Amino acid sequence: MRVLLTGGAGYIGSHTALALLERGHEVIVLDDFSNSHIEAVRRIELVAGTDIPVITVDLSDREATLRKVDCDFDAAVHLAGLKSVVESVAQPNRYYRVNLNATLVLLELLRERSVSNLVFSSSATVYGPPVNSPISEDHPVGAGLTNPYGWSKFMSEQIIRDTQRIRPDLAATLLRYFNPIGAHTSGNIGEDPTGVPTNLMPVIAQVASGRREKLSVFGGTYPTPDGTGVRDYIDVMDLAEGHVAALERNTAGVRSYNLGSGVGVSVLELVRTFEEQSERRIAYAIEGPRLGDLAEVVADPSRAADELGWRAKRTLGASCRDYWNWQVRNPYGYVSEHVSR
Ligand code: UD1
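The structure presented is a predicted model; accordingly, all values stated were derived computationally and were not measured.

So, how was this worked out
- Residues numbered from 1 in each chain as written.
- Predicted model: local features only at pLDDT ≥ 70, side-chain atom pairs only at ≥ 80, totals over all residues.
- Heavy atoms only, no water.
- Phe/Tyr/Trp six-rings, centres within 6.5 Å; stacked < 30°, edge-to-face > 60°.
- Helix = DSSP H or I, 4+ residues; strand = E, 2+ residues; numbered from the N terminus.
- Buried < 20%, exposed > 50% of the residue type's maximum accessible area, 1.4 Å probe, protein only.
- Pairing = 2+ DSSP bridges.
- 1 Å grid on protein atoms, 1.4 Å probe; cavity = no way out; pocket = protein on both sides within 12 Å on 5 of 7 lines; lining within 4 Å.
- Points joined across faces, edges and corners; volume = space filled by probe spheres on them.
- Nonpolar A, V, L, I, M, F, W, Y, C, P; charged D, E, K, R; others polar.
- Near = heavy atom within 4 Å.
- Polar contact = N/O pair within 3.5 Å; in protein donor to acceptor, adjacent residues only side chain to side chain.
- Areas by Shrake-Rupley, 256 points an atom, 1.4 Å probe, with all protein chains shown as cover.

J.: Please clarify how the packing of aromatic side chains should be interpreted in this entry.
T.: If you walk through the whole model with that rule in mind, you get three aromatic pairs. Taken together, a centroid distance of 5.4 Å and an interplanar angle of 85° make the contact between Trp151 and Phe154 edge-to-face. In this pair, Trp151 and Phe154 both sit in helix α6 (residues 148-166), three residues apart, roughly one turn of the helix. Residue Trp151 is classed as partly exposed on the basis of its relative accessible area, which comes to 27%.

This is how it looks when you write it as structure tokens:
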């Protein structure tokens, strides 16, 4: 398949590009590089040993996108969008404008080109605070969402569903990610957060490498085994392979799938596993809970196993090892000139 990969230079996009190439598919990366680097594409080319066409455009810009995407493709994987929960609270209009327009423009492009195979990057955020755990796809969505980022994922899912009703040939898969961690084993591709990271894994890695003094553990009295928050960490290469499985199995209609490991891991368990793999000490202090945080968010990934034949394969230790390997080899991410400053 020839796959248009929107947001293909980002953390999940770059790993998905590799997973697609490894399965023999062709990839066209579409990205505006507002929060990613062209170097990521060069690295994918290096690891995969192939050239990758790149379309540099802001997908939320309808005219520019319809003009610039002038090649044929068979399917689209849609990951382009803004992704910071904190930023979305401060800039709601920007988040809605970019994330919703990107989805609308892509759907128009697909219709214009008679492309019916779509995989959309959604989030476990759409479930809101879980009423039961683990969370299956039948869990209610939309109740209790607290930030525009989450709402933009929820609304994009709805836009795709409504579009499919008037376009019955559309085969759309909504992938609801849990907490992605890890990196490609080559150490050439990984997460390169801009600004100050707020997600747990990049913060732990910065403490391990000495760029940060300590980790603030948000909350130590949750009703969890050790009192710290429990999440479902999913290796980014497992996640990437989930996109490939979804593309290859897509049938007309809209179907949602959780991409998670099904295993709950506490903040302190992740810290300990990272310490083992990096052979570094992670200093931490237990502090008060972060506003809006939940005690436990864990996936029931059985639908993806039953229907897509996909399940998480990598261990937590392997994810920590690979994340650390990427960090050691690329201490400043893709912009290596920072090293000499
Ligand atoms: C967050 C987003 C979610 C997004 C996901 C991407 C919120 C409410 N949710 O999920 O929409 O899809 O990131 O990965 O922001 N923690 C610390 N110290 C830190 C950072 C985190 O203790 O410095 C803890 C948190 O309290 C939580 C766990 O680590 O228990 C994971 O946090 P994080 O990586 O930010 O992800 P989520 O909050 O689960």
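Following the structure, the description resumes.
J.: Would you mind going over the sheet that holds strand β14 (residues 296-297) with me for this structure?
T.: What links the strands of a sheet is backbone hydrogen bonding, and the strands pair in either a parallel or an antiparallel sense. The strand order across the open sheet built from three strands is β12-β9-β14, with neighbouring strands paired in mixed fashion. The outermost strands of the open sheet, each flanked by one partner alone, are β12 (265-266) and β14. For strand β9 (residues 230-231) and β14, the ladder comprises two bridges, and the chain directions are parallel. Paired with Val230 across the two strands is Glu296, which belongs to β14.

J.: Could you clarify how one ought to interpret empty space enclosed by the protein in this entry?
T.: In this approach a probe as big as a water molecule rolls over the atoms, and the regions it shows empty are the leftover space. Scanning all chains against the criterion turns up one cavity of 30 Å³ or more. Considering only enclosed or pocket space, the largest cavity measures out at about 80 Å³ in volume. Lining the largest cavity, in full, are His78, Leu79, Ala80, Gly81, Leu82, Asn99, Thr103, Phe120, Ser121, Ser152, Lys153 and Ser156. Sorting the residues of the lining of the largest cavity by element identifies α5 (92-112), β5 (117-123) and α6 as the ones contributing at least two each. Of all the elements, α6 adds the most residues to the lining of the largest cavity, at three residues. Class assignment for the residues of the lining of the largest cavity results in four nonpolar, seven polar and one charged.

J.: Would you explain the site of the ligand in this entry?
T.: What surrounds the ligand is a group of 19 residues, the closest being Thr125, Leu200, Ser216, Arg231 and Asp293. Side-chain polar atom of Arg290 to an oxygen atom of the ligand: 2.8 Å apart, as the coordinates give it. Asp293 is positioned such that a nitrogen or oxygen atom in its side chain is 2.5 Å from an oxygen atom of the ligand. Here the ligand has 740 Å² of accessible area as a free molecule, and 85% of this is covered by the chains. Among the elements of the structure, β7 (179-181) and β8 (215-218) are those that each provide at least two residues to the shell around the ligand.

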